[in-house]
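# Survey of secondary and tertiary structure
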Amino acid sequence: MRLRLTPRDESYYEMFADSANNLVIGARLLVELISDGADREAVAEKMRACEHAGDERTHAIMRRLNESFVTPFDREDIYRLASSLDDVMDSMEAAVDLVGLYQLNRLPKGIIDQVEVLERAAELTAEAMPRLRAMKDLTRYWIEINQLENQADQIYRRLLARLFSGEYDALTVLKLKDVIEELEEAADAFEQVANTVETIVVKES
């Protein structure tokens, strides 16, 4: 580890952990959304509140970054990590919102697989963030996230194939495609979070 002669502002660790925990809430709302008999309007409202809470956490990190003279790791990595965590929530919220706006009463079964990947990625990310303080025991985290993202890519391609199989009318295809693309972007953003964590650990080792 680098020798530091000045005190660091360590509040970032708690803020990143809070942001990651909020993603777990968002992912579980996705699970609720696709459950039988779900009140989708109520879920969408809770997801909007979750996304708003995520935005507040991101803004708090950015404000602290502007005010801090010494940061626990590179400023650009703090910005990238906060932005990537925010991107995950934005994509999950967009997917929920589109399901409601498009009045999609029937979703392909493959979306369940997408959501399960996101829920697991959220749990792994929330478990990893507290370990960022010590920069230890994080290798398995980014490896597992990478594996999940590869799995998400496969699920996404299978879903696309089903959408264009002729099972759905053209308008429904376009609507469903928007939803599954937002979920795929959430998986991509989780991988970006993990890649940023890996970069931070490598720099600080």
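Quick notes on the rules
Residues numbered from 1 in each chain as written. Predicted model: local features only at pLDDT ≥ 70, side-chain atom pairs only at ≥ 80, totals over all residues. Heavy atoms only, no water. Helix = DSSP H or I, 4+ residues; strand = E, 2+ residues; numbered from the N terminus. Rg over C-alpha atoms; globule rule 2.2 N^0.38 Å. Buried < 20%, exposed > 50% of the residue type's maximum accessible area, 1.4 Å probe, protein only. Contact = heavy atoms within 4.5 Å. Areas by Shrake-Rupley, 256 points an atom, 1.4 Å probe, with all protein chains shown as cover. Expected span 1.5 Å × (residues − 1). Polar contact = N/O pair within 3.5 Å; in protein donor to acceptor, adjacent residues only side chain to side chain. 1 Å grid on protein atoms, 1.4 Å probe; cavity = no way out; pocket = protein on both sides within 12 Å on 5 of 7 lines; lining within 4 Å. Points joined across faces, edges and corners; volume = space filled by probe spheres on them. Nonpolar A, V, L, I, M, F, W, Y, C, P; charged D, E, K, R; others polar. Core = buried A, V, L, I, M, F, W, Y, C linked by side-chain atoms within 4.5 Å. Axes fitted to C-alpha atoms, helices over the stretch in contact; angles between N-to-C directions. Parallel < 35°, antiparallel > 145°, perpendicular 65-115°, else oblique. Left-handed = near helix turned anticlockwise from the far one by under 90°. UniProt positions renumbered as here; feature names shortened; annotations may be inferred. Salt bridge = Lys/Arg side-chain N within 4 Å of Asp/Glu carboxyl O.

## Topic: the overall build of the protein
From N to C terminus, the protein includes six helices and zero strands. Along its sequence from the N terminus, the protein presents helices and strands in the succession α-α-α-α-α-α. Taken over C-alpha atoms, the radius of gyration comes to 18 Å for the protein, in line with the 17 Å a tight globule of 205 residues would show. Summarising its shape, the C-alpha atoms of the protein cover approximately 65 × 30 × 25 Å along the three principal directions. Buried positions account for 49% of the 205 residues belonging to the protein. For the protein, contacts bridging at least 24 residues in sequence account for 82% of all contacts bridging at least 6. Here the protein displays about 10,400 Å² of accessible surface, and carbon together with sulfur accounts for 49% of that area.

## What to know about helix H6 (residues 170–204)
Over its 35 residues, H6 runs 51 Å from end to end, which matches the ideal 51 Å to within 8%, given 1.5 Å per residue. Between the side-chain oxygen at the start of H6 and the backbone nitrogen of Leu171 there is a gap of 3.1 Å, and the oxygen is on Asp169.

## Points about the layout of surface pockets
To find leftover empty space, one rolls a probe the size of a water molecule over the atoms. Approximately 240 Å³ is the volume found for the largest pocket. In the lining of the largest pocket, the residues fall into seven nonpolar, three polar and four charged.

## Some points on the nonpolar core
Counting 71 residues, the largest nonpolar core has Phe16, Met92, Met129, Leu132, Tyr141 and Val197 as its most contacted members. Listed by contribution, the elements that provide at least two residues to this core are helix H1 (11–33), helix H2 (40–67), helix H3 (75–101), helix H4 (110–128), helix H5 (139–163) and H6. No other element matches the 14 residues that H6 contributes to this core. Phe16 has contacts with Ile61, Phe73, Ile78, Leu81, Ala82, Leu85, Met129 and Leu132, leaving out every residue within four places of it along the chain.

## Side note on the side chain of Thr125
Topologically, Thr125 is positioned in helix H4. At 2.8 Å, the side chain of Thr125 forms a polar contact with the backbone oxygen of Ala121. Among all residues touching Thr125, those that are not within four sequence positions of it are Ala20, Leu85, Tyr141, Ile145, Phe190 and Val193.

## Description of the environment of Glu51
Its location among the elements puts Glu51 in helix H2. Between the C-alpha atoms of Glu51 and Asp137, which are 86 residues apart in sequence, the distance is 29 Å. In this view, Glu51 contacts Met89, Asp90 and Glu93; residues no more than four positions away in its chain are not counted.

## Overview of the packing of H4 against H5
Put simply, H4 and H5 touch, their axes get as near as 10 Å, and they point 165° apart. With respect to H5, the axis of H4 lies roughly antiparallel. H4 and H5 meet at a crossing whose hand is left-handed. Along the contact surface, H4 presents Gly110, Ile111, Asp113, Gln114, Val117, Arg120, Ala121, Leu124, Thr125 and Ala128, while H5 presents Tyr141, Glu144, Ile145, Leu148, Gln151, Ala152, Ile155, Tyr156 and Leu159.

## Focus: the environment of Thr199
Looking at where Thr199 falls in the secondary structure, it is placed in helix H6. For Thr199, a relative accessible area of 32% translates into the label partly exposed. Taking the C-alpha atoms as reference points, Thr199 and Asp77, 122 residues apart in sequence, are found 8.0 Å from one another.

## Here we look at the UniProt feature "coiled-coil region" (unreviewed entry) in the protein
Under the UniProt annotation, "coiled-coil region" (unreviewed entry) lies at residues 173–200. End C-alpha to end C-alpha, residues 173–200 measures 40 Å, and it is 100% helix and 0% strand.

## Description of the pattern of salt bridges
Counted according to the given criterion, the structure contains 15 salt bridges. A salt bridge links Arg162 to Glu167, with the nearest nitrogen and oxygen atoms 2.9 Å apart. The class for Glu167 is partly exposed, based on a relative accessible area of 39%. Salt bridges sharing partners connect three or more residues here, namely Arg28, Glu119, Arg120, Glu123, Arg140 and Glu144.

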